[in-house]
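# Structural features, examined
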Amino acid sequence: MSIRVVVAEGDPLIAEGLAESLNHDSDLQTRAVVEPAGALEMCLEWRPCVLLVGEALFERMDPQRFLEVTGWGRVVQALVVGAVADPELSVSCLRLGCMGYLSRQNSLETVHKAIRAVAAGEMWARRSVLTKLLRELLDERLSPPRLTNRQREILELIHAGCNNDQIAAKLFISAETLRWHLRRLFQAIGAPSRAAALAFARRHFAAAGADRGGGVHRISLGPVEKNQLASGISIG
């Protein structure tokens, strides 16, 4: 049975070249896409499939829409391709619902192995990255999340019912910058979507008791439910 792969890169030459290279493998069927929204729409058409997405294009995707389409890796398995091997970025991608991380230094053979692994429901990451991720999740079970001033401002505005355009206007930041802050905020509070972030704010905001004088705020709350890691793990 062939594996469908959506190759999403901002540069058309890179997207089409990588898709063509992967197509040489008889068990892979690929499509090249150069826009974030187009990549997610293609994934909707092709589900179940693998999304092989460049880091820059991934950062431009709407976080909530990404999770709606991928289902936390259950129906679309996302592999992010970054410039270099970056443990911090790898952990961030896994926490945002991706199934693995590759660098442009990896060979085409490694890319093939990673695609097959995530298509089978496994995660593709180094042992050190998975260890770091598990330690962070365990630490967060034992201590409340820490929010920066900006993250708290955004959470307050979400709680007030503001949409993304309104939040960006009130904070005098671009839509792209806001999306980046939202990713970090969702990661910090363990929210898989905007709806979950709003629910978090409604449950815990009044009892936050955060010190507004510092640059980082600690919110007092009970354990935040985390998305369960996939049962299978592959080592890149």
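We now turn to the structure provided with this report. All values reported here derive from a predicted model rather than from experimental measurement.

### Comments concerning the side chain of Glu9
Tracing the sequence through the fold places Glu9 in the loop between β1 (3-8) and α1 (12-23). Side chain to side chain, Glu9 and Arg104 meet in a polar contact 2.9 Å long. Apart from the residues within four sequence positions on either side, Glu9 is in contact with Ile14, Ala15, Val33, Val34, Gly54, Leu57 and Arg104.

### Considering the packing of α1 against helix α6 (residues 108-119)
One can describe the packing of α1 onto α6 by two numbers: an axis separation of 11 Å at closest approach and a directional angle of 75°. Judged by the inter-axis angle, α1 sits roughly perpendicular to α6. Residues Leu18, Ser21 and Leu22 of α1 form the contact with α6, whose participating residues are Leu108, Val111, His112 and Ile115. Looking at the contact of α1 with α6 residue by residue, the classes come out as five nonpolar, two polar and no charged.

### Some details on the packing of helix α2 (residues 36-46) against helix α4 (residues 63-70)
Contact pair α2 / α4: the axes reach a minimum separation of 10 Å and the direction vectors enclose 15°. Between α2 and α4, the interaxial angle falls into the category roughly parallel. For the pair α2 and α4, the sense of crossing is left-handed. Contact residues: Leu40, Glu41, Cys43 and Leu44 in α2; Arg65, Phe66 and Val69 in α4.

### Focus: α6
Over its twelve residues, α6 runs 16 Å from end to end, which matches the ideal 16 Å to within 8%, given 1.5 Å per residue. Of the residues making up α6, those classed as buried are Val111, His112, Ala114, Ile115, Ala117 and Val118. Looking one or two residues past α6, Gly121 carries a phi angle of roughly 90°, positive in sign.

Parameters and conventions
- Residues numbered from 1 in each chain as written.
- Predicted model: local features only at pLDDT ≥ 70, side-chain atom pairs only at ≥ 80, totals over all residues.
- Heavy atoms only, no water.
- Helix = DSSP H or I, 4+ residues; strand = E, 2+ residues; numbered from the N terminus.
- Polar contact = N/O pair within 3.5 Å; in protein donor to acceptor, adjacent residues only side chain to side chain.
- Contact = heavy atoms within 4.5 Å.
- Axes fitted to C-alpha atoms, helices over the stretch in contact; angles between N-to-C directions.
- Parallel < 35°, antiparallel > 145°, perpendicular 65-115°, else oblique.
- Nonpolar A, V, L, I, M, F, W, Y, C, P; charged D, E, K, R; others polar.
- Left-handed = near helix turned anticlockwise from the far one by under 90°.
- Expected span 1.5 Å × (residues − 1).
- Buried < 20%, exposed > 50% of the residue type's maximum accessible area, 1.4 Å probe, protein only.

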